[in-house]
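# Fold and geometry: a report
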Amino acid sequence: MRLLLTFCLTLLLTAPLDASAQKTPGRQGTFALTNARLVTVTSDTISGGTLVIRADTIAALGTNVAVPDDAEVIDCTGLTVYPGLIDSGTRLGLVEVGSLSETRDYNEIGDLTAHMDALTAVNPNSVNIPVTRVNGITTVLAEPSNGLLPGAASMIDLHGYTPDQMHRSFTGQVLNFPSTGRRGWWDDRSPEEIEKQAKKAIKKLSDVWDRAELYARIDSAAAAGDRRAPTYVPSMEALLPVVRGEQALIIKASKASDITKALEWAAARGLTDQVILSGAQEGWRVADAIAAAGVPVLVGPVLSVPTRPSDRYDKAYANPGLLAEAGVQLAIRTGGAENVRNLPYNAGFAAAYGLGKAAALKAVTIAPARIFGIADAVGSLEVGKVANLFVTNGDPFETTTQVQHLFIEGYKLPLESRHTKLYDEFLNRNPGVTE
């Protein structure tokens, strides 16, 4: 019996794995996408063009581009090439199953955890990542949540075996701005109580920032040799780059009153030039003030309901268009994890309800790239940029469109996910279903 068990275990360990359980690895090389419609985003669309990828870079594009001898040619007749889509606010890679606390790693205990870095918690093997990228999304902002200062958000590409391999250079501190108004229909606090609690919450934030500024002054004095270094406080150390103007501060605020207070607070602290507003679901109510402050906005989710019962049903859809009309620089976010794949449809609704198709495409490509300071690498089809792009058989904002090819950092990735595997399995059930 013992020998039989040993034999079975040996056979199990040495047998080839089921092919359906394997992940087909991506591969780099030289690729030529020929006869394609190239939507560059930052310049005119090119019809019948060729785009050459060499290693991780777009090496050439245009109508008179010679195909390298060593290139793998992909005929894109009838297909369109777009730059990879960018989601400007997600929990992708930080949570696997929302109902299981063991798989959630975006919510630290306490109000002040600025030293937490979302990048270190990203799971490169998340099932949600391939589900997301088969819709043309190549890059997302992974952000922590909850608490006053929950930590740093990081931009990641959706391919890699370690978080560091995935990191797309941008990191910014997140600030959940205190609520200054009624929290919802269930909130039965009196106006006086709401005002009292709002003042208390903002004072708490200001006290924390006073400490951060003092910590920075002591640290600078110590560096100059004028005094001892401050006692190490991880959260204060993490805020140093923001206090010194070296790092962005992503302020999450959605209600109009919160946005107004956040802009006032940032101006009083001299932080306006570093601030990026996130959420802004009532941004349309204070669009002129946001535009006057010159603060970019990561708006969304667009596929949402109005924040007030008295608002029109389509205010969430129209919000990006109204912000853009006021002159606000914006990008679109889903704020999701498993549904980040719906980013193109968030942009599609924004396009249909006032933003326009071209502006909506920019809001998920070059606009976020510019806001996050990574436009020299991604966000458009340009020679020298990183080859983050996808090929479709139609408009990416349409649900019927299929992505045909996908490249991230030049890696041609398989268009497979848990969804496609389940589709294939149940399409060919054996045994099938009998009446």
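For clarity, every value in this text was computed on a predicted model and none was experimentally measured. (Residues numbered from 1 in each chain as written. Predicted model: local features only at pLDDT ≥ 70, side-chain atom pairs only at ≥ 80, totals over all residues. Heavy atoms only, no water.)

Our next topic: the pairing of strand E15 (residues 403-408). Two faces, one strand: in a regular strand the side chains alternate between the faces of the sheet. For E15, the tally of buried residues reaches 5 of 6 residues, placing the bulk of the element in the interior. Relative to E15, strand E14 (residues 389-392) runs antiparallel, the two being bridged by 4 bridges. Across the sheet, Val 391 pairs through a bridge with His 405, a residue of E15. In the sheet, E15 pairs with strand E16 (residues 411-412) via 2 bridges, with the strands oriented antiparallel. (Buried < 20%, exposed > 50% of the residue type's maximum accessible area, 1.4 Å probe, protein only. Helix = DSSP H or I, 4+ residues; strand = E, 2+ residues; numbered from the N terminus. Pairing = 2+ DSSP bridges.)

For the protein chain, per-residue confidence averages 91 on the pLDDT scale, and 94% of positions sit at 70 or higher. Low pLDDT, under 50, characterises residues 1-22; the stretch is placed with 4 contacts to residues that sit more than four places away or in other chains. (pLDDT = per-residue confidence, 0-100. Contact = heavy atoms within 4.5 Å.)

Counting through the fold element by element, Thr 365 comes out in the loop between helix H11 (357-362) and helix H12 (366-371). The contact partners of Thr 365, leaving out residues within four places of it in the chain, are Val 41, Pro 83, Gly 84, Leu 85, Ile 86 and Gly 379.

Another aspect to go through is the nonpolar core. Of all hydrophobic cores here, the largest spans 97 residues; its most connected members are Phe 170, Leu 175, Phe 177, Ile 251, Trp 265, Ile 290 and Ile 332. By residue number, the principal contributor to this core is helix H5 (residues 191-223), which donates 7 residues. Setting aside residues up to four positions removed in sequence, Phe 170 forms contacts with Leu 141, Ala 153, Ser 154, Met 155, Ala 248, Ile 250, Ile 276, Phe 372 and Ile 374. Counting residues in hydrophobic clusters, the runner-up holds 17 residues, among them Ile 46, Leu 51, Cys 76 and Leu 389. (Core = buried A, V, L, I, M, F, W, Y, C linked by side-chain atoms within 4.5 Å.)

Quick look at unusual backbone geometry now. For residues besides glycine, phi is generally negative; the peptide bonds are generally trans as well. Going from Gly 300 to Pro 301, the amide bond is cis rather than trans, its omega being 5°. With respect to the element layout, Pro 301 can be found in the loop between strand E12 (297-299) and helix H9 (315-325). Looking along the chain, the bond that leaves Asn 430 and enters Pro 431 is cis, with omega of 10°. Residue position: Pro 431 is located in the segment after helix H13 (418-427). Backbone geometry at Asn 146 places phi at a positive 70°, although glycine is not the residue there. Inspection of the secondary structure assignment puts Asn 146 in the loop between strand E7 (137-142) and strand E8 (151-157). Phi is positive for Glu 409, close to 50°, though the residue is something other than glycine. Along the polypeptide, Glu 409 turns up in the loop between E15 and E16.

This part covers the pattern of salt bridges. Counted by the stated rule, this structure contains 18 salt bridges. Here Glu 195 ties to Lys 199 by a salt bridge, and the two come within 3.4 Å at their closest N and O atoms. Of this pair, Glu 195 and Lys 199 are both found in helix H5, 4 residues apart, which corresponds to roughly one turn of the helix. Here Glu 195 falls in the partly exposed class, since its relative accessible area comes to 46%. Residue classification places Lys 199 among the exposed positions, given a relative accessible area of 55%. In this structure, Asp 210 and Arg 269 form a salt bridge, with 2.8 Å as the shortest nitrogen-oxygen distance. Taken together, the positions of Asp 210 in helix H5 and Arg 269 in the loop between helix H7 (256-268) and strand E11 (275-279) put the pair 59 residues apart, joining distant regions of the chain. One connected set of salt bridges, linked through shared partners, spans Glu 282, Arg 285, Arg 308 and Asp 311. (Salt bridge = Lys/Arg side-chain N within 4 Å of Asp/Glu carboxyl O.)

Glancing now at the packing of H5 against helix H6 (residues 234-243). For the pair H5 and H6, the least separation of the axes is 9 Å and the interaxial angle reads 85°. Between H5 and H6, the angle falls in the class roughly perpendicular. Judged by residue contacts, Val 208, Trp 209, Arg 211, Ala 212, Glu 213, Tyr 215, Ala 216 and Asp 219 of H5 engage Met 236, Glu 237, Leu 239, Leu 240, Val 242 and Val 243 from H6. When grouped by side-chain class, the residues that make up the contact of H5 with H6 number 10 nonpolar, no polar and 4 charged. (Axes fitted to C-alpha atoms, helices over the stretch in contact; angles between N-to-C directions. Parallel < 35°, antiparallel > 145°, perpendicular 65-115°, else oblique. Nonpolar A, V, L, I, M, F, W, Y, C, P; charged D, E, K, R; others polar.)

Of all 10 residues in strand E9 (residues 167-176), 7 are buried; the element is thus mostly enclosed. Both E8 and E9 contribute to a ladder of 5 bridges, which runs antiparallel. Within E9, the residue paired with Ser 154 across the bridge is Thr 171. Of the pairings in the sheet, the one linking E9 to strand E10 (residues 248-253) comprises 5 bridges and is parallel in character. Directly across from Leu 175, in E10, lies its bridge partner Ile 251.

Turning our attention to empty space enclosed by the protein. Enumeration over the complete set of coordinates arrives at 4 cavities of 30 Å³ or more. As a volume, the largest cavity reaches approximately 60 Å³. Along its surface, the largest cavity is lined by Asn 135, Pro 344, Tyr 345, Phe 390, Thr 392, Pro 396, Glu 398, Thr 401, Gln 402 and Val 403. The set of elements that each furnish at least two residues to the lining of the largest cavity consists of helix H10 (343-355) and E14. Residue composition of the lining of the largest cavity, by class: 5 nonpolar, 4 polar and 1 charged. (1 Å grid on protein atoms, 1.4 Å probe; cavity = no way out; pocket = protein on both sides within 12 Å on 5 of 7 lines; lining within 4 Å. Points joined across faces, edges and corners; volume = space filled by probe spheres on them.)

Attention now goes to the environment of Ser 257. Topologically, Ser 257 is positioned in helix H7. Judged by its relative accessible area of 34%, Ser 257 falls in the partly exposed class. Taking the C-alpha atoms as reference, Ser 257 lies 9.8 Å from Gly 283; in sequence the two are 26 residues apart. The residues contacting Ser 257, other than those within four sequence positions of it, are Thr 180 and Gly 181.

Taking 1.5 Å per residue as the helical rise, H10 with its 13 residues ought to reach 18 Å, whereas the 15 Å between its terminal C-alpha atoms falls clearly short. Buried residues of H10: Leu 343, Pro 344, Tyr 345, Asn 346, Ala 347, Gly 348, Ala 350, Ala 351 and Leu 355, and no others. Looking at the packing, one finds that the buried side of H10 touches strand E6 (85-90), E7, H9, strand E13 (330-332) and H11. Once H10 ends, the next one or two residues include Gly 356, with phi positive near 90°. (Expected span 1.5 Å × (residues − 1).)

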